[in-house]
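# A closer look at the structure
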Amino acid sequence: MSRELLRNAYERGERYLSEVDSQRVFPSDHDLKALSQFEEPFPEKGHDPNDILKQLDEVGSPATVASAGSRYFGFVVGGSLPVTVGANWMATAWDQVASSQVTSPVADKIEKVTTQWLLDILDLPEQSAVGFVTGATMATFTALAAARHKILKKHGWNVEEDGLFGAPEIKVVVSDEVHVTVLKALSMLGLGKKRVIKVATDANGAIDISKLPVLDDQTIVCTQAGNVNSGAFDPIDEICNRAHAVDAWVHVDGAFGLWARSSVSRAHLTKGIEKADSWAADGHKWLNTPYDGGLIICRDDDALHGAMSVSAAYLKERDGASQSYIPEFSKRARGIDIWAALKFLGREGLDDLISGCCDLAQYFAKGLEALGLNILNDVVLNQIVISWDSVEKTEALIETVQQDGTCWFGPTVWKGHNAFRLSVSSWKITRQDINQSLKAIEDAMKKIEAENKIEPAR
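Bear in mind that the values here come from a model prediction, so they are computed numbers and not experimental data.

Rules used throughout
- Residues numbered from 1 in each chain as written.
- Predicted model: local features only at pLDDT ≥ 70, side-chain atom pairs only at ≥ 80, totals over all residues.
- Heavy atoms only, no water.
- Helix = DSSP H or I, 4+ residues; strand = E, 2+ residues; numbered from the N terminus.
- Contact = heavy atoms within 4.5 Å.
- Salt bridge = Lys/Arg side-chain N within 4 Å of Asp/Glu carboxyl O.
- Buried < 20%, exposed > 50% of the residue type's maximum accessible area, 1.4 Å probe, protein only.

### Topic: the side chain of Ser387
Mapped onto the elements of the fold, Ser387 is located in strand E9 (residues 383–387). Setting aside chain neighbours within four positions, we find Ser387 in contact with Leu373, Asn374, Leu376, Thr394, Asn418 and Ala419.

Written out as structure tokens, the structure reads:
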């Protein structure tokens, strides 16, 4: 029964992936309404497991967002590489508690190997500790907990034992383009998202170094490697130089942009990033692994351990176990997905993936500009910010393209402009996909102009 059930699940999953590029990128109204079939009273008796899979497939699959396909540009979401899906299925079948060598020798070994590979390919300090978390939010939370621990410890305060009441004040500096996940992490840590010092940014969304405030040894500076709209990088090299002159802590929100370190053609954007104290990144974004898979990397092993470690009679005090470096005890073996992606791609393949997406973003931007649209950012990475001639036309274009279903992207606000954002993040995207999307966008523009009797933009 178990083998037949798993074969059923495999066949349905394999069929979904084989057809994902031919379905609507966002589900139709009909498919969304069909989700009401899941609304039922809690059953008195259990159901046949094959019927459960059938319902998931026949009702659920049509209502998915085809982010695993090749024309999804809405968020920084990369479709999973096939090898990572397979590895994920294997790890799920193993059902490991990946928190220590005792609970899972294989997960522990693979995470340790993956740690060394990550520090190598990202060219970060080899003594750094790495934790495998859910995503950039938890990675940043964990990193900033380590920063809080170290800053307060050197001022004679044990925050893990005594809390924040009466603790020395920590100053937090962010850019005015700070990602919401950083603010969420700060709020969870009791450092407050309104108490931050926001630094003005340049036209492309990077910190204006001339506006950086005076730093001291009670300061955390949160920088960005890859602005979520424009893809811009803060001047991390100079920020680190200033911060370390006064013993301040520098954190890098590199959810997707940190992977530019692995690209020969884009590594220059990350100059000086190795000088930082902590880094956050996602595997499920640009490494194209399944959700969820985040990374916390911290130069100071002791600071991270001090912030995250626990003790109990049934636990070793310090054995490099993952619960020493991250908040979770109950953790799936997410490091296996990341290991599989890195082993499959290798150094050359990872370079090709990152560089290829960046090159396609440049190609996409030129095509959009040729249609008469406005490119609002300097396309330095894989992100494009676009508007049309007016707020109304921009909003109409987003809505019309979404209704068409050929591709999908969503709205944003950039430097006061209503706009939309495209992210080229998947291994599956080709020039043909972009050409098909450009045609859908052009058709939508013509439709809007015809319906509103507006002269086409010149």
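### Focus on the pattern of salt bridges
Considering all chains together, one arrives at 25 salt bridges under this definition. Note that Lys154 is salt-bridged to Asp247, the shortest N-O span being 2.9 Å. Of the two residues, Lys154 sits in helix H6 (residues 136–154) while Asp247 sits in the loop between helix H9 (236–245) and strand E5 (249–253), which places them 93 residues apart along the sequence. Classification of Asp247 as partly exposed rests on a relative accessible area of 44%. Linking Arg242 and Glu238 is a salt bridge whose minimum nitrogen-to-oxygen distance equals 3.0 Å. One end of the pair is Arg242 and the other is Glu238, both in helix H9 and four residues apart, which spans about a single turn. Taking relative accessible area as the criterion, Arg242 reaches 36% and is therefore assigned partly exposed. Note on Glu238: relative accessible area 33%, which makes it partly exposed.

### Focus on unusual backbone geometry
Of note, the amide linkage connecting Tyr291 to Asp292 takes the cis form, showing an omega dihedral of -5 degrees. Position of Asp292 relative to the elements: it lies in the loop between strand E6 (278–282) and strand E7 (294–298). Positive phi values are uncommon outside glycine, yet Asp123 reaches one of about 50 degrees. Tracing the chain through its elements places Asp123 in the loop between helix H5 (105–121) and strand E1 (129–133). We classify Asp123 as exposed; its relative accessible area is 51%. Phi angles above zero are rare outside glycine, and Asp247 is one such case at about 65 degrees.

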